[in-house]
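Residue-level structure breakdown
Listed below, chain by chain, are the residues.
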Amino acid sequence: MTDMGLAVRSLEKSFGGVIAVNNLNFDLPVGQLLALIGPNGAGKSTSFNILNGQLKPTSGTVKFKGVELVGLSPKEIWRHGVGRTFQITATYASMTVCENVQMALLSYHRRLYSLLPIAARLYREEALALLEHVGMVDQENRPCSVLAYGDLKRVELAVALANNPTLLLMDEPTAGMAPKERIELMALTNKIVNERGISVLFTEHDMDVVFTHADRIIVLDRGTLVAEGTPEEVRNDEHVRRIYLGSHHA
Amino acid sequence: MGFYIVQFLTGLSSASALFLVASGLSIIFGVTRIVNFTHGSFYMLGAFIAYSLVGVLDGFFGFWISVILSAMAVGLIAVLMEMLILRRIYQAPELFQLVATFGPILIIQDLALDIWGPEDLFGASAPGMDGAITIMGTPMPEYDLALIALSAVVLGGLWLLFNKTRWGTLVRAATEDRDMISALGVNQKWLFTGVFFLGSFLAALGGAAQVPKGGASLIMDFEILAPIFVVVVIGGMGSIPGAFMAALLISELNVFGILVWPESTLVLMFLVMAVVLILRPWGLFGKPEAPGQHGQVGAPEQPYRPLSRKANTLFAAVLGLLLVLPVFASDFSLVLVMDMVVLSLFAASIHFLMGPGGMVSFGHAAYFGGGAYAVALITSHFELPMEVAFFMGPLGACALALLFGWFCVRRSGVYLAMLTLAFAQVAWSVVFQWGELTGGDDGIIGIWPSPWLGSKAAYYYFTLFFGVGGIMVLRRTLFTPFGYAMRACRDSALRSASIGIDVNRQQWLAFAFSGALAGLAGSLFVYSKGSIFPDEMSLARSFDGLIMVLLGGVKTLAGPVAGASAFTWLDDVISRLDYWRVILGSLIILIVLAFPQGIAGFFRERFGVWFGQETDT
Ligand SMILES: Nc1ncnc2c1ncn2[C@@H]1O[C@H](COP(=O)(O)OP(=O)(O)OP(=O)(O)O)[C@@H](O)[C@H]1O
Ligand SMILES: [Mg+2]
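As the structure is a computational prediction, the values presented were derived from the model and not from experiment.

Some details on the overall build of chain B
Along chain B, the regular secondary structure elements total 28 helices and four strands. Against the globule reference of 25 Å for 617 residues, chain B gives a C-alpha radius of gyration of 25 Å, in line with a compact fold. Counting all 617 residues of chain B, 58% fall into the buried class. Across chain B, contacts joining residues at least 24 apart in sequence account for 81% of those joining residues at least 6 apart. Within the structure as shown, chain B displays about 24700 Å² of accessible surface, and the carbon and sulfur contribution to it stands at 69%. Of the side-chain charges in chain B, 30 are positive and 37 negative, and the distance between the mean point of each set is 16 Å.

Structure representation (C-alpha cells):
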C-alpha cells in the first residue's frame, strides 16, 4: 500500500438496477501511468467521476495521499491536487484559449470573488507558460469555440495542469484525434509525468497508445476488474483477449 | 367533524381548476419542452367563451356542452398559434420560445377586452347544481362536488389515454426521450400539435368549469400563472400525478391554513415550495434533468474584448448628449429619458444574469419592485432621510435575491426560470395582500427625493449618475474574475466544478449581485415617480424586462440599453393608441421570428467590424 499514491478499495456504484462499478480495487503509485481499459460501458468514466467527486459511490473508499476522497466535493478534491480532463472536452467556448487556462489559475489563487481587477490581465504569464508546455501558445488568443478537436484536448490538459496536480485523471485523452496527434499528445503526457513526477490514470480505446505508454494496465468489464498487470501480462491475458477479440476498438 | 370534511372537500374542489390547468401545461412541456405562457390566457378564454355559451344553451346539459365546446374552441385557437408561431421556433433557444408565447397573451388580452368589455363577469350558477347538500350538519355546495367529479373524470381519462391508446403511448415515449420521436416514425409535427391541443383544452376546461364559482375577468390569465407554476414546480415538470398531488396539497393548505392564520396562505405556499425543493429538488414526482450546459444555446458568444476606440467615442458622445439634455429638453422629455435610463439599468441587470450568467430570470421585477418597496417602507415607517433610504433599494433587493436565489441556482434552464417566476409571484402576492404594511393595491405614495434634488433637472442628473453608473458597474464586472467565473459556470458547469469553482455558490452570488442592481433601478424609480404600486413587481413588469433584453439582443453587452430605450420610447408612443397590446404583441412575435439577434446584435453584425468590436476567427 502506497502512502502517497492513490488507493481504491471495494468501490461500487449502481444506477438504479445497473451496476456500473463492481468491487473495484487498485493502487496507483506516484509517478506511474496507469491505463484503465475496457469495452464501452465498462464503467471507466463512472470510476473517473467518482474519483473526482462528481459522483458519490454506493460504497467503497478512495484514499489519496492518505486522505479519504469519498464524500468530498469536486472542489475539495481538486484542492488536494487532482486534475482531470473529460471524455467529451469541457472547455469555455466563449473564452480564448489563454483565458481558459487563466480561469483555472484564478480559481487556484482564490480570486473567484474578486470584483476589481481585469481578469484577462491576471496570471497571464503563468497561463502562457502552461500553454507553451502543451504547444498551444501560438493559438493563445483564439476563441475555444473555433479550435480543432485535438487542440481542445491540449487546452484541457493545460487547464488540468494549472493547479500543479499530483494526480491527473484523463478520460480518453486522444479520442477523436488523428493517429499522429495521438502519438504527440501521449508523448507530451509522458514528458509531463516525468518532469513533474505526477501520477496519471487514463482510459483509452486505442490499444497502441495503451501498450506503448502505460506503465501498468487494469482492465474493466461490465464494472468488474478482470485483469491487471504490465502491458505484457495484460496482452497475454485470456480474459482480455476474449473481450477484445472480435470487437475491434480502434 | 362535518365541518372538517366539508372543508377538505372544498379544498379538493378548488384543486380541480389548478390540476386541470397545471396538467395541461405539464403535458405540453413534457413533449415540446416549451413553457407556454399563453396557457393562462387559454384558461381565461375558456372562461369567457363558456360564459357566453351558457347564456345561449340552457339547462344542465346545455351547461356542460358549453363547457366542453369552449374548451374545444380554445384548443383550436391554440392549434392555430402552434402552427403559425411555435412550429418555426422549436429549435430556437428556450428564451425565444418563452418570449414568443408572451406575444399572444397581449393580443388575447386586447381581443377579450374588445369582445367582453372591461367589467368582471359573474357567472350564473350551474343549472341543476345550484343547491347544497348537508354533510353531518354542514352544507356543501353541489357544484363543488361536481368539480371534484370533473377532475376525477379527467384524471381517469388521461390515465386511459396515456396507457391504453397508441397516441398516448407515443406521447409518453416522446416525454421520456425526445430523440425517440423521430425513431418511432411518427409525424412529429402533428404529435406536437395534438399535444398542444390537449394541453390547451385542459386549460380552457379549467377556466370554463370555474365560471359558476368565479366568473370571468381580464386578470385571470396572470392570476393563474403563479399557482400553476408553483404546482408544476412542486409536482415535478411533466408529471400528471405530480400535478394532481401538488394541486391538492396547495389547495388543502389554503382552506385549512385560512382557519388558523388568515394571512398565511401565501406564506404557506412559499414554505411548502421551499421545503419540497430542499427535500426533492426535482419536485415530488419529477426526474432529475440531464446535467449539462447552463442556459447557453446556439453559437457561443465571442470572447470579451475591451471597447474599441470608436465604440468608446460613441459611448462618450451619447453620454455627452445626455449631460447637456436638460439645457434644451422639456420636462416631459426629461422624464422619458429618465425612464429609459432606469429601465436600461433594470434590463442590464437581467441581461447580466441571463446572458453571461446563463440564468434566465422570469421574475426580476421582484427585485426591481422589491428595491422600490424597501425604500418606500423604510421611508414611510422610519422617517429616514432620502440619502440613506435610497440605498435600502439595492440592499433590500439583494437580501431578497439571496433568499430566492439560493433555491433557484440549484436548478438550471427552464426549471430555474420557472422557479424565479414562482418566487417573484409569491413576493408580488405578499405585497398585494399584506395591505396593512404595504398599502396593497393603493401602493405607497409621497416618496419624494430631498429638496436639493427637488427640480426635474437635479433628479435627472442624480438618475444619470446612478443609472449609467450602475450599468457601467454591471458591464465592468463582466471583465473581473467574478464575472469570468460566472460565465465559466454557464459555459461548462462540469469543467468549472473540476477546477475548483463552487458552481452553486458562484451563481448564487451573481444572482444576488444582479438583484441588487435591479433594486438600485427600483430606488431610482420610486423617487422619480413619488410612489410605488404592486404592478411594478408583477409578472408583466418582469416580462417587459425580458422583452427589452430580447429586443436589444442577448449576445451583446450594449443590447439591454438599446432594447430598454427602444421599448420605453415605443411604449410611450403606442400605449396611447387603441389596441396597443395587439400592436406590441404582434411586434414581439415579429421580432422573435425575424430578428432573433436583437437590435444591437443586428447592428453588430452590420457595423461591428467597423467599430472594431467584431473579432474574426
Ligand atoms: N448517470 C447515469 N445513469 C444511469 N446509468 C449510467 C449513468 N452513467 C453511466 N451509466 C451506466 O453505467 C455504465 C458504465 O458507463 P460508463 O460511462 O462509466 O462507461 P465507459 O466505460 O466510460 O464507456 P465508454 O467507453 O463508452 O466511455 C453504462 O452501462 C452506463 O449506461
Ligand atoms: Mg467513458
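Let's pick the thread back up.
Some words on the domain arrangement of chain B
Residues and elements named next belong to chain B. For chain B, the assigned domains are domain 1 (2-279) and domain 2 (309-611). On the side of domain 2, 40 residues touch domain 1, which itself brings 36 residues to the contact. Taken together, both faces of the contact between domain 1 and domain 2 bury some 3500 Å²; the carbon and sulfur share is 86%. Viewed at the interface, domain 2 and domain 1 are joined by one salt bridge. Residue Arg581 is joined to Asp110 by a salt bridge in which the shortest nitrogen-to-oxygen separation is 3.0 Å. Where domain 1 touches domain 2, the interface holds four residue pairs in polar contact (both at pLDDT 80 or more). Broken down by secondary-structure element, the contributors of at least two residues to the side of domain 1 that touches domain 2 are helix 4 (94-100), helix 5 (103-116), helix 11 (220-235) and helix 13 (265-279). At eight residues, the largest contribution of residues to the side of domain 1 that touches domain 2 is made by helix 5.

Overview of the domain arrangement of chain A
Residue and element names in this part refer to chain A. For chain A, the assigned domains read domain 1 (1-81 + 165-250) and domain 2 (92-164). Here the C-alpha centre of domain 2 lies 25 Å away from the C-alpha centre of domain 1. Listed by partner, the interface residues are 21 residues for domain 1 and 16 residues for domain 2. Interface area for domain 1 against domain 2, summed over the two sides, is near 1600 Å², with a carbon-plus-sulfur share of 57%. Where domain 1 packs against domain 2, one counts zero salt bridges. At the junction of domain 1 with domain 2, the criterion picks out five residue pairs in polar contact (both at pLDDT 80 or more).

A short note on the pairing of strand 10 (residues 224-229) of chain A
All names here are of chain A. One ladder, built from five bridges, connects strand 9 (residues 216-221) with strand 10; its direction is antiparallel. Within the sheet, the bridge partner assigned to Leu220 lies in strand 10 and is Leu225. Linking strand 9 to strand 10, which pair antiparallel, is a turn of two residues; within it Arg222 sits at a positive phi near 45°.

Concerning the sheet that holds strand 8 (residues 199-203) of chain A
Residue and element names in this part refer to chain A. Read from one edge of the open sheet, six strands run 6-7-8-3-9-10, paired in mixed fashion. Whereas interior strands pair on both sides, the edge strands pair on one side only; in this sheet they are strand 6 (82-85) and strand 10. Mean inter-strand twist for the sheet, computed between neighbouring axes without regard to direction, equals 15°.

Let's talk about the interface of chain A and chain B
With 37 residues of chain A in contact, the opposing surface of chain B contributes 33 residues. Here chain A meets chain B over a buried area of about 3000 Å², counting both sides, of which 62% is carbon and sulfur. Its largest share of buried area at the contact with chain B, chain A owes to Tyr92, Ser94 and Tyr113 of chain A, together 23% of the area lost on that side. If you look at where chain A meets chain B, you find one salt bridge. Our count for the chain A to chain B interface comes out at 17 residue pairs in polar contact (both at pLDDT 80 or more). At five residues, helix 3 (residues 97-108) of chain A tops the list of elements feeding residues into the side of chain A that touches chain B.

Observations concerning the pattern of salt bridges
Residues and elements named next belong to chain A. Across all of its chains, the model carries 18 salt bridges over all chains by this definition. Among the salt bridges present, the one from Arg216 reaches Glu228, with a minimum N-O distance of 3.2 Å. You can see Arg216 sitting in strand 9 and its partner Glu228 sitting in strand 10, a full 12 residues away along the chain. Here Arg216 falls in the buried class, since its relative accessible area comes to 18%.

Digging into the packing of aromatic side chains
The description of an aromatic ring pair uses the distance of the two centres, along with the angle that the planes make with each other. Residues and elements named next belong to chain B. Counted under the stated rule, the structure contains 37 aromatic pairs over all chains. Taking 5.8 Å as the distance between ring centres and 85° as the angle between the ring planes, the aromatic pair formed by Tyr367 and Phe511 counts as edge-to-face. Here Phe511 lies in helix 24 (residues 503-529) and Tyr367 lies in helix 16 (residues 365-382), a separation of 144 residues in the sequence. Overall, the relative accessible area of 1% leaves Tyr367 in the buried class. Residue classification places Phe511 among the buried positions, given a relative accessible area of 0%.

Quick look at the coordination of the magnesium ion (ligand 2)
Around the magnesium ion (ligand 2), the donor atoms from the protein are Ser45 of chain A (OG) and Gln87 of chain A (OE1), and they sit 1.9 to 2.1 Å away. Remark: Gln87 of chain A occurs in the loop between strand 6 and helix 3 and Ser45 of chain A occurs in helix 1 (residues 44-51); sequence separation between them is 42 residues.

Observations regarding the site of ligand 1
All names here are of chain A. Close to ligand 1 lie Phe15, Ala20, Asn40, Gly41, Ala42, Gly43, Lys44, Ser45, Thr46, Gln87, Glu172 and His205, which account for all nearby residues. In this structure, an oxygen atom belonging to ligand 1 sits 2.5 Å away from a side-chain N or O atom of Thr46. For ligand 1, the protein covers 61% of the area, taking 640 Å² as the surface of the free molecule. Among the elements that make up the shell around ligand 1, the one with the highest residue count is helix 1 (three residues). Residue classes in the shell around ligand 1 are distributed as three nonpolar, seven polar and two charged.

Comments concerning unusual backbone geometry
The phi angle at Arg110 of chain A is positive, at roughly 55°, despite the residue not being glycine. With respect to the helices and strands, Arg110 of chain A occurs in the loop between helix 3 and helix 4 (124-134). A relative accessible area of 62% means that Arg110 of chain A is categorised as exposed. A positive phi angle, near 55°, is found at Glu383 of chain B, a position not held by glycine. Looking at Glu383 of chain B, the relative accessible area reads 70%, which means it is exposed.

Conventions and cut-offs
- Residues numbered from 1 in each chain as written.
- Chains lettered and ligands numbered in written order.
- Predicted model: local features only at pLDDT ≥ 70, side-chain atom pairs only at ≥ 80, totals over all residues.
- Heavy atoms only, no water.
- Helix = DSSP H or I, 4+ residues; strand = E, 2+ residues; numbered from the N terminus.
- Rg over C-alpha atoms; globule rule 2.2 N^0.38 Å.
- Buried < 20%, exposed > 50% of the residue type's maximum accessible area, 1.4 Å probe, protein only.
- Contact = heavy atoms within 4.5 Å.
- Areas by Shrake-Rupley, 256 points an atom, 1.4 Å probe, with all protein chains shown as cover.
- Lys, Arg positive; Asp, Glu negative; His and termini not counted.
- Charge placed at Lys NZ, Arg CZ, Asp CG, Glu CD.
- Domains from an automatic or database assignment.
- Buried area = accessible area lost by both parts, 1.4 Å probe.
- Salt bridge = Lys/Arg side-chain N within 4 Å of Asp/Glu carboxyl O.
- Polar contact = N/O pair within 3.5 Å; in protein donor to acceptor, adjacent residues only side chain to side chain.
- Pairing = 2+ DSSP bridges.
- Axes fitted to C-alpha atoms, helices over the stretch in contact; angles between N-to-C directions.
- Phe/Tyr/Trp six-rings, centres within 6.5 Å; stacked < 30°, edge-to-face > 60°.
- Donors = N, O, S within 2.8 Å, 3.2 Å for Na, K, Ca; no water.
- Near = heavy atom within 4 Å.
- Nonpolar A, V, L, I, M, F, W, Y, C, P; charged D, E, K, R; others polar.

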